[in-house]
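Examination of the molecular architecture
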Amino acid sequence: MEREHVFRCADLLSLSSLQGAYVAAGKDHLDQKIDRVNIMEVPDIENWAQSGEFLITTGYAYKNDESAFLRLIPQLKERDVAALGIKPKRFIQAVSDAIIEQADQYGLPLFILPPETIFSDVVKEVMERVIVQETEEYRILHNRLEEIACMILEDQDM
């Protein structure tokens with residue numbers, strides 16, 4: 001059963017910390033659920049990436065090796081990463097067409113982040129939204145369990 005209250009890739013565009021971000025690839029997959037956010041600045045992130053993660057990066061680990069970036073995308077998809085956000089300008093000047101095409105081919109939503117994006121603000125805001133959504137799910141579940149308990153108790157009184 002699909003969860004009713006989830007934070008999805010499309011919801012990233014509504015965050016104030018990502019104002020000015022845009023989707024460069026994977027537009028047909030913006031319904032992917034996001035459970036967490038992680039900052040990726042190591043070349044072996046595929047060993048640590050988690051399902052449902054929104055990975056954000058400056059591209060530092062791949063600044064001199066675009067082919068490694070291209071190899072990474074299918075590995076992230078295999079790990080069921082929800083989306084990738086790249087903040088160009090500091091270590092990579094631009095996100096290449098090859099990276100965009102690769103992400104699109106693998107159905108990995110790729111967000112281009114503005115150069116002024118502050119990663120700690122993104123982490124805070126994404127996790128706040130995820131926690132609010134999960135709390136709502138627990139509230140609904142709690143209410144349903146209370147209803148069932150009341151029905152059982154009413155049935156025993158008869």
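Residues numbered from 1 in each chain as written. Predicted model: local features only at pLDDT ≥ 70, side-chain atom pairs only at ≥ 80, totals over all residues. Heavy atoms only, no water.

What follows concerns the overall build of the chain. Assigned secondary structure in the chain consists of three helices and five strands. Mapped in sequence order, the helices and strands of the chain form the string β-β-β-α-β-α-β-α. Here the C-alpha radius of gyration of the chain, 19 Å, is well above what a compact globule of 158 residues would show, namely 15 Å. Counting only C-alpha atoms and orienting by the principal axes, one finds that the chain spans roughly 75 × 30 × 25 Å. Across the 158 residues of the chain, 41% fall into the buried class. Expressed as a percentage of contacts within the chain between residues at least 6 apart in sequence, the contacts between residues at least 24 apart total 72%. (Helix = DSSP H or I, 4+ residues; strand = E, 2+ residues; numbered from the N terminus. Rg over C-alpha atoms; globule rule 2.2 N^0.38 Å. Buried < 20%, exposed > 50% of the residue type's maximum accessible area, 1.4 Å probe, protein only. Contact = heavy atoms within 4.5 Å.)

Moving on: the nonpolar core. Nonpolar side chains in soluble globular proteins tend to end up buried together. Ranked by size, the top nonpolar core spans 22 residues in total, and within it Leu55, Phe69, Leu76, Leu84, Ile86 and Leu110 carry the most contacts. If you list the elements that add at least two residues to this core, you get strand S1 (22–25), helix H1 (66–78), strand S4 (83–86), helix H2 (97–105) and strand S5 (110–112). Setting aside residues no more than four positions away along its own chain, Leu110 makes contact with Tyr22, Val23, Ala24, Ala25, Leu84, Ile86, Val95, Ile99, Ile100 and Ala103. Within the second largest apolar cluster, 20 residues are counted, among which are Cys9, Ala21, Phe119 and Val130. (Core = buried A, V, L, I, M, F, W, Y, C linked by side-chain atoms within 4.5 Å.)

What follows concerns the sheet that holds S1. In spatial order, the strands read S1-S5-S4-S3-S2; together these five strands make up an open sheet with mixed pairing. Two strands close off the open sheet at either side, each with one partner strand: S1 and strand S2 (36–39). Direction aside, neighbouring strands of the sheet carry axes that sit 30° apart on average. Of the pairings in the sheet, the one linking S2 to strand S3 (residues 53–57) comprises four bridges and is parallel in character. Paired with Val37 across the bridge in S3 is Phe54. Along the sheet face, H2 touches S1, S4 and S5 and points at about 80° away from the line of S1. (Pairing = 2+ DSSP bridges. Axes fitted to C-alpha atoms, helices over the stretch in contact; angles between N-to-C directions.)

To continue, consider H1. With 13 residues, H1 extends 19 Å from end C-alpha to end C-alpha; this agrees with the ideal 18 Å at 1.5 Å per step. Among the residues of H1, those classed as buried are Ala68, Phe69, Leu72, Ile73 and Leu76. Considering only its buried residues, H1 is in contact with S3, S4 and H2. At the C-terminal side of H1, Asp80 shows a positive phi close to 65°. (Expected span 1.5 Å × (residues − 1).)

This brings us to the environment of Glu101. Its location among the elements puts Glu101 in helix H2. It is 7.1 Å that separates the C-alpha atoms of Glu101 and Ala25, two residues lying 76 residues apart in sequence.

This paragraph deals with the packing of aromatic side chains. The tally for this structure, following the rule as stated, stands at three aromatic pairs. Each ring, one from Phe54 and one from Phe111, has its centre 5.9 Å from the other, and the planes form 75°; the classification is edge-to-face. Here Phe54 is found in strand S3, whereas its partner Phe111 is found in strand S5, with 57 residues between them in sequence. Phe111 gets classed as buried once you look at its relative accessible area, which sits at 1%. For the ring pair Tyr60 and Phe91, a centre distance of 4.8 Å and an interplane angle of 75° mean the geometry is edge-to-face. In this pair, Tyr60 sits in the loop between S3 and H1 while Phe91 sits in the loop between S4 and H2, placing the two residues 31 residues apart along the sequence. (Phe/Tyr/Trp six-rings, centres within 6.5 Å; stacked < 30°, edge-to-face > 60°.)

Glancing now at a nonpolar patch on the surface. The grouping of Leu141, Leu145, Ile148 and Ile152 at the surface amounts to a nonpolar patch, some 360 Å² of accessible area in total. Looking at the element boundaries, Ile148 is found in helix H3 (residues 119–157). For Ile148, a relative accessible area of 42% puts it in the partly exposed group. (Patch = residues over 30% accessible without salt bridge, like charges linked within 9 Å, V, L, I, M, F, W, Y side chains within 5 Å. Areas by Shrake-Rupley, 256 points an atom, 1.4 Å probe, with all protein chains shown as cover. Salt bridge = Lys/Arg side-chain N within 4 Å of Asp/Glu carboxyl O.)

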